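# Geometric and topological summary
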Amino acid sequence: MPEETTSVDATDGAVETAAGAADIIAQGGGGDVWYSIGSLLDKGGPIVAILLVLSVISAAIILLKIVQFWTAGLSKRSFVDPAVDRVEQGDLGGALEILKKHKTPLARAMAAGVRAKMRGDLRDEDVAAEIQRVGTMELGALQRYLRWLEVIGNISPLLGLLGTVIGMINAFQSLEAAGTQVDPALLSGGIWVALLTTAVGLIVALPAITALNLLEGKIDQVRLSMRDASSRVIAALHARPGPVQSRAAQ
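The following paragraphs examine the structure supplied in this document. (Residues numbered from 1 in each chain as written. Predicted model: local features only at pLDDT ≥ 70, side-chain atom pairs only at ≥ 80, totals over all residues. Heavy atoms only, no water.)

## Brief notes about helix α4 (residues 80-88)
Those residues of α4 lying buried are V80, A83, V84 and V87. Axial view of α4: buried residues confined to an arc of 95 degrees, hence all on one face. One or two positions beyond α4, positive phi appears at G90, with a value near 85 degrees. (Buried < 20%, exposed > 50% of the residue type's maximum accessible area, 1.4 Å probe, protein only. Helix = DSSP H or I, 4+ residues; strand = E, 2+ residues; numbered from the N terminus. Arc of directions from axis to C-beta.)

See below:
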């Protein structure tokens, strides 16, 4: 399963890249362990707390989808040619037996079309519609929770920017309150703490957006495979109409 392995490895690499980015940013804090959870919450406030919750949700969804895609065997297509050959020979029962041995979304969509033809002398449009119906349901299951990744990837940088703006306002308010006795350390310290929320927001968004694009790319491949399989099944039904009709009538 080279394509599937590549997709899963790329998603894992996205998570590792984001973690590495967090370590690099953390090393710039002058030796202070500000990137620990307690320190982050203390310095970043409620904005960082929200971002940390979003990061946990994002990581859970990514791991869930990796396991789901891996167990679904999305790259398996070895059964397509034998099943189509059986359909061309008029052996719909044999084609269905081949497809039932594989628990992939593509196999289930093709099996739905074969069952639809076996139930009666349906039109090709009805068979194609049944394949599309089941295929849409299978793709819907693969797309579940991906919207959350999209939302997290989009709002995390904005939440980080909001925290930075709030922190900058607080820093300048402190600077104003100091009057003529301005301490540059007071301003610089307030600025870097304010920028902390932006850094955390970007770190949360990076793996979410990367994983979302990789997973959606894999789903697009499955969608194209279903369209191709649907066309091949319909063409196979046309190849030998006599035997197919007689088998279906039985």
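## Observations concerning a nonpolar patch on the surface
Side chains of V53, I57, L64, Y145 and W148 sit close together on the surface and give an oily, nonpolar patch of about 480 Å² of accessible area. Here the nonpolar patch takes three residues from helix α3 (residues 46-72), the largest share from any one element. A relative accessible area of 31% means that I57 is categorised as partly exposed. (Patch = residues over 30% accessible without salt bridge, like charges linked within 9 Å, V, L, I, M, F, W, Y side chains within 5 Å. Areas by Shrake-Rupley, 256 points an atom, 1.4 Å probe, with all protein chains shown as cover. Salt bridge = Lys/Arg side-chain N within 4 Å of Asp/Glu carboxyl O.)

## A few points about the packing of α4 against helix α5 (residues 92-100)
Running from amino to carboxyl end, α4 crosses α5 at an angle of 165 degrees, the nearest separation of the two axes being 7 Å. As judged from the angle between their axes, α4 and α5 are roughly antiparallel. In this structure, the crossing between α4 and α5 has a hand that is left-handed. Of α5, the residues touching α4 (which contributes P82, A83, R86 and V87) are L92, G94, A95, I98 and L99. By residue class, the composition of the contact of α4 with α5 is seven nonpolar, one polar and one charged. (Axes fitted to C-alpha atoms, helices over the stretch in contact; angles between N-to-C directions. Parallel < 35°, antiparallel > 145°, perpendicular 65-115°, else oblique. Left-handed = near helix turned anticlockwise from the far one by under 90°. Contact = heavy atoms within 4.5 Å. Nonpolar A, V, L, I, M, F, W, Y, C, P; charged D, E, K, R; others polar.)

## Quick word on the environment of I169
Here I169 is to be found in helix α8 (residues 146-178). Distance in space between the C-alpha atoms of I169 and I191 is 9.5 Å, their sequence separation being 22 residues.

## Some thoughts on the pattern of salt bridges
This model, assessed by the stated rule, comprises eight salt bridges. Residues D91 and R86 are paired through a salt bridge, measuring 3.4 Å at the closest nitrogen-oxygen approach. Residue classification places D91 among the partly exposed positions, given a relative accessible area of 21%. Given a relative accessible area of 32%, R86 falls into the partly exposed group. Note that R223 and D220 form a salt bridge whose closest N and O atoms lie 2.6 Å from each other. Here R223 and its partner D220 are both found in helix α9 (residues 184-239), three residues apart, which amounts to about one turn of the helix.

## Considering the environment of I50
Along the chain, I50 turns up in helix α3. The class of I50 is partly exposed, set by a relative accessible area of 40%. In sequence terms I50 and L159 are 109 residues apart; their C-alpha atoms lie 8.6 Å from each other.

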